[in-house]
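Observations on chain architecture
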Protein chains: 2
Amino acid sequence: MRFIPTGIAPLAATAADTALASQLQHILDHKTKPLGALGQIETLALRLGCMQRSQTIALTAPQVVVFAADHGIAAEGVSAYPQAVTQQMVANMLAGGAAVNVLARQHGFALTVVDAGVAAELPAHPSLLNRKIALGTGNACRTQAMTAEQGSAAVKTGMDIVSSLPGNVLALGEMGIGNTSSAALIFALLTGTAIEEAAGRGTGLNDAQMQTKLQALRKAQQRHAAAQTPLDVLCAVGGLEIAMMVGAMLQAAHERRTVLVDGFIASTAALVAHALEPHALDYMVFCHVGAERGHRALLAHLGAQPLLDLGLRLGEGSGALLAWPLLQSAACLLNEMASFESAGVDQKV
Amino acid sequence: MRFIPTGIAPLAATAADTALASQLQHILDHKTKPLGALGQIETLALRLGCMQRSQTIALTAPQVVVFAADHGIAAEGVSAYPQAVTQQMVANMLAGGAAVNVLARQHGFALTVVDAGVAAELPAHPSLLNRKIALGTGNACRTQAMTAEQGSAAVKTGMDIVSSLPGNVLALGEMGIGNTSSAALIFALLTGTAIEEAAGRGTGLNDAQMQTKLQALRKAQQRHAAAQTPLDVLCAVGGLEIAMMVGAMLQAAHERRTVLVDGFIASTAALVAHALEPHALDYMVFCHVGAERGHRALLAHLGAQPLLDLGLRLGEGSGALLAWPLLQSAACLLNEMASFESAGVDQKV
């Protein structure tokens, strides 16, 4: 797709970038604490400084965008909840009652809910962006989830939405009954991971339901085994909300925004974005490893070190927002802690 | 010690407590999310509700108290930093430049720094509580770290400090060159853990220095092998800051305050508090498992499930404050999320 930004700069693109990374490491090493004693928070501070090309970090106007869409594969009985829950949860988010609302309020995130492809016409609402590409995807067990045109349009829409938003921090969430199935298929097809390793119990399948899900996923996997490129895979088995997240991640990285990646489904969008533009990963913070089977393996595949490990499996961006204060802490510690020199504290003997 | 509060109520002391726990679980299970999808955050919300004996959670006037003291065993070369760093870091905290200051400002915690036993007379400062019991402890390789009177006075002082503070949330931190040695000895003597499993590299020992530390710890362990009761062990090898944290934890639990436990050293105070009053543990939230060897094993011994796992090893209460927003999230989610009924969302098929 020609519209995909090709200008995503790796964090160490230039000599100046490399010099900055050294300076940041020097600053962190001279803060009044033992070397490396703040662990992953220090790594995070270094990465954020590099993303912002600055020795101080300013996190501004944080946004959370939740993309909602339905999945044709839900017809195979892959979810514990009826498909209508997608639109009901969109309504819940617009009314302020979902987990993402609570956490967005707690942390001062602006929330945008996007109808990427819910299988119903939704009433207009000031907080709802109607960017519906289709009334849900096709059932990947029988057909393409998306046509190439739909897939491209969804990615492009995700890019445009990010362009239109302020700030330099973007948390991405999703809502869509059936979307752990689409995510597991993307993961399996793009990486060769066995479907049994890629797929989990989603919203809470029992053993029999899980067998039904695996059967459907194997069928879809076989049907689309020939899908080659990341976009082929995305269109064959992906969801409209996943495709929009791919676009959103690429655009955010292009603009050097920090992307907060949530759970398993958002992580498969990161996998596709990374396959399209490897350096997109440089701008992502993987906020947690969740309880959904496959998430840990997917993060390992990406070489990502998540911040939280709390057994979450909700989506909506909830895990991203739970981890957010750690980014703020990293910024504050880099910006505000005294150095050994400035505080008159002795260093190692 | 007769002054230790004996009225610490377990969270399930009465039929009303048990009924409340069931009500809280029911409320959590009917929030608009799959059952258990918020993982440890739900467990945390349930516990906080039980601590506060309420179906809603109100976290008020959060306090962080940092206890500073020196350790006679530092003379054995067990730390990478000179002993003077204890008082220098106290000065840094009073000037606002330490990690705990940055995080306390970020999260709106009131900070109290306590001189529990720094090996120097410290200049008065409005934010410093002078509760010095001694100019550091005795060297546990050669003598008792504290007399029984000093140990009792330190525990009592920790209790009194908590009594005098407002709010229902208490984060406890420490600063003391050599205190990972005292903590490792407490852990080893109280639980029978091998000293090699209990002791870590502290502020960053190299291999040779680590051998020196282990040698000193073995010597102290042998000298005090006969110490039987938790208080015997505390006085034999403990630190004045650890003893004050023990008292602070007991008093906080007695008042049904939530205690945020930081790293390895604070966790050994929790171990002693638990040994004195098992139900004190009911009021503790173990905020992280750190990089110091022994911490993971100590938490497993206590059956504690930490919130964060970020390779931290700073102390000062820093890990407690990094985890704090997760408690706020747990409270907000319990208090504010819609239920399936109120939001009109379908439940499982």
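Residues numbered from 1 in each chain as written. Chains lettered and ligands numbered in written order. Predicted model: local features only at pLDDT ≥ 70, side-chain atom pairs only at ≥ 80, totals over all residues. Heavy atoms only, no water.

Describing the interface of chain B and chain A
For clarity, the cut-off: Should any heavy atoms of two residues lie within 4.5 Å, those residues are counted as being in contact. Note: buried area is the sum, over both parts, of the accessible area (probe 1.4 Å) each one loses when the two are combined. We define a salt bridge as a side-chain nitrogen of Lys or Arg found within 4 Å of a carboxyl oxygen belonging to Asp or Glu. A 3.5 Å cut-off defines polar contacts: any pair of N or O atoms within that distance qualifies, except that in protein one atom must be a possible hydrogen donor and the other a possible acceptor, and neighbouring residues in sequence count only when both atoms are side-chain atoms. Helix numbers and strand numbers start at the N terminus; a helix is a DSSP run of H or I with at least 4 residues, a strand a run of E with at least 2. Classification convention: Asp, Glu, Lys, Arg as charged; Ala, Val, Leu, Ile, Met, Phe, Trp, Tyr, Cys, Pro as nonpolar; all other residues, Gly among them, as polar.
Between chain B and chain A, the contact holds 57 residues from the first and 57 residues from the second. On the chain B side of the interface with chain A, the three residues burying the most area are Y81, L310 and K348 of chain B, jointly 13% of the side's total. Counting the contacts that link chain B with chain A gives 2 salt bridges. One salt bridge in this structure joins R105 of chain A and E336 of chain B, with 3.0 Å as the shortest N-O distance. For the interface between chain B and chain A, the tally reads 20 residue pairs in polar contact (both at pLDDT 80 or more). Those elements that provide at least two residues to the side of chain B that touches chain A are helix 2 (39–51), helix 3 (84–95), helix 4 (99–107), helix 13 (318–336) and helix 14 (340–343) of chain B. No other element matches helix 13 of chain B, which puts 9 residues into the side of chain B that touches chain A. The class makeup of the residues in the side of chain B that touches chain A is 31 nonpolar, 18 polar and 8 charged.

Some words on the nonpolar core
Filter applied, for reference: Definition of nonpolar core: a set of buried residues of the types Ala, Val, Leu, Ile, Met, Phe, Trp, Tyr and Cys, connected through side-chain atoms within 4.5 Å. Relative accessibility under 20% of the residue-type maximum defines a buried residue, over 50% an exposed one, and the middle range a partly exposed one, all with a 1.4 Å probe and only protein chains included.
Counting 276 residues, the largest nonpolar core has L234, L260 and M284 of chain A together with L234, L260 and M284 of chain B as its most contacted members. Those residues in contact with M284 of chain A, other than ones at most four positions away along the chain, are R47, M51, M249, V259, V261, A270 and A273 of chain A.

Concerning the relation of the copies chain B and chain A
Put simply, the rule is: Our superposition of the copies is a least-squares fit, built on the C-alpha atoms of residues whose pLDDT is at least 70 in both.
Expressed as a screw transformation, the operator carrying chain B onto chain A has a rotation angle of 180° and an axial translation of 0.0 Å, and the superposed copies differ by an RMSD of 0.0 Å. Such a combination of rotation and displacement between the chain copies is what one expects of a two-fold axis. Counting the interface residues of chain B, we find that 100% of their copies in chain A are interface residues as well, pointing to one common contact surface.

A word on helix 1 (residues 15–29) of chain B
Since the α-helix advances by 3.6 residues per turn, residues separated by three or four positions end up pointing in the same direction. Residues and elements named next belong to chain B. Heads up, the rule is: Multiplying 1.5 Å by the helix residue count minus one yields the expected span of that helix. This arc is built from the directions going out from the helix axis to the C-beta atoms.
Taking 1.5 Å of rise per residue, 15 residues should cover 21 Å, and helix 1 covers 21 Å from first to last C-alpha, within 8% of that figure. If you check which residues of helix 1 are buried, you get D17, L20, L24 and L28. Along the long axis of helix 1, the arc covered by the buried residues comes to 70°, so they all point the same way.

Concerning the environment of G290 of chain B
Residue and element names in this part refer to chain B. Positionally, G290 belongs in the loop between strand 6 (284–286) and helix 12 (295–302). Relative accessible area serves as the criterion here: at 14%, G290 is assigned to the buried category. Put simply, G290 and L308 are 18 residues apart on the chain and 8.4 Å apart in space, counted from C-alpha to C-alpha. Contacts of G290, omitting those with residues within four sequence positions, involve H295 and L312.

Section: the side chain of T268 of chain A
Structurally, T268 of chain A can be placed in helix 11 (residues 264–276). For T268 of chain A, the contacting residues outside a window of four places in its chain are A183, I186, F187, I242 and L298 of chain A.

A word on the packing of aromatic side chains
The test is simple: Here a Phe, Tyr or Trp ring, Trp counted by its six-membered ring, pairs with any other such ring whose centre lies within 6.5 Å, and the pair is stacked when the planes are under 30 degrees apart, edge-to-face when over 60, and tilted otherwise.
Overall, the coordinates contain 6 aromatic pairs over all chains when judged by the stated rule. Taking the centre distance of 6.4 Å and the plane angle of 75° together, the rings of F187 of chain A and F264 of chain A count as edge-to-face. Of this pair, F187 of chain A sits in helix 6 (residues 179–191) while F264 of chain A sits in helix 11, placing them 77 residues apart in sequence. Relative to Y81 of chain B, the ring of F340 of chain A has its centre 6.4 Å away and its plane inclined at 15°; by these criteria the two rings are stacked. Remark: Y81 of chain B occurs in the loop between strand 1 (63–69) and helix 3 and F340 of chain A occurs in helix 14 (residues 340–343); the pair is interchain, linking two chains. On the basis of relative accessible area, F340 of chain A is assigned to the buried category, the value being 5%.

Describing the confidence of the model for chain A
Segments scoring low in pLDDT should not have their predicted coordinates read at a detailed level. Rule in force here: pLDDT is a per-residue confidence score from the predictor, ranging from 0 to 100.
Overall, the predicted model of chain A reaches an average pLDDT of 96, with 99% of residues at or above 70. Predicted complex, confidence summary: ipTM 0.97, pTM 0.97.

So, the sheet that holds strand 6 (residues 284–286) of chain A
All names here are of chain A. Put simply, the test is: Strand pairing is assigned whenever DSSP identifies at least 2 bridges connecting the two strands. Lines fitted to C-alpha atoms define the axes, with helix axes restricted to the stretch in contact, and inter-axis angles between N-to-C directions lie between 0 and 180 degrees.
Read across the open sheet, the 6 strands follow the order 3-2-1-4-5-6; overall the sheet is parallel. Strand pairing shows two members of the sheet lacking a second neighbour, strand 3 (128–130) and strand 6, which therefore form its edges. Sheet twist, expressed as the average angle between the axes of neighbouring strands with direction ignored, equals 25°. Relative to strand 4 (residues 169–175), strand 1 (residues 63–69) runs parallel, the two sharing 6 bridges.

Some words on unusual backbone geometry
Residues and elements named next belong to chain B. Unusually for a residue other than glycine, R53 sits at a positive phi of about 50°. Structurally, R53 can be placed in the loop between helix 2 and strand 1. Of note in the backbone geometry, R256 takes a positive phi value of approximately 60° without being a glycine. Tracing the backbone shows R256 in the loop between helix 10 (240–254) and strand 5 (258–261).

Topic: helix 10 (residues 240–254) of chain A
Residues and elements named next belong to chain A. Here helix 10 is 15 residues long and its end C-alpha atoms lie 21 Å apart, about the 21 Å a rise of 1.5 Å per residue gives. Extensive coverage of helix 10 is indicated by the burial of 14 of its 15 residues. Backbone geometry just after helix 10 places R256 at a positive phi near 60°.

Comments concerning the pairing of strand 1 of chain A
Residues in a regular strand point their side chains to alternate faces of the sheet. All names here are of chain A. Most of strand 1 is tucked away, with 7 of its 7 residues classed as buried. Burial along strand 1 is two-sided: Q63, V65, F67 and A69 facing one way and V64, V66 and A68 facing the other are all buried. Pairing of strand 1 with strand 2 (residues 110–117), which is carried by 7 bridges, proceeds in the parallel orientation. Bridge pairing links V66 to V113 in strand 2.

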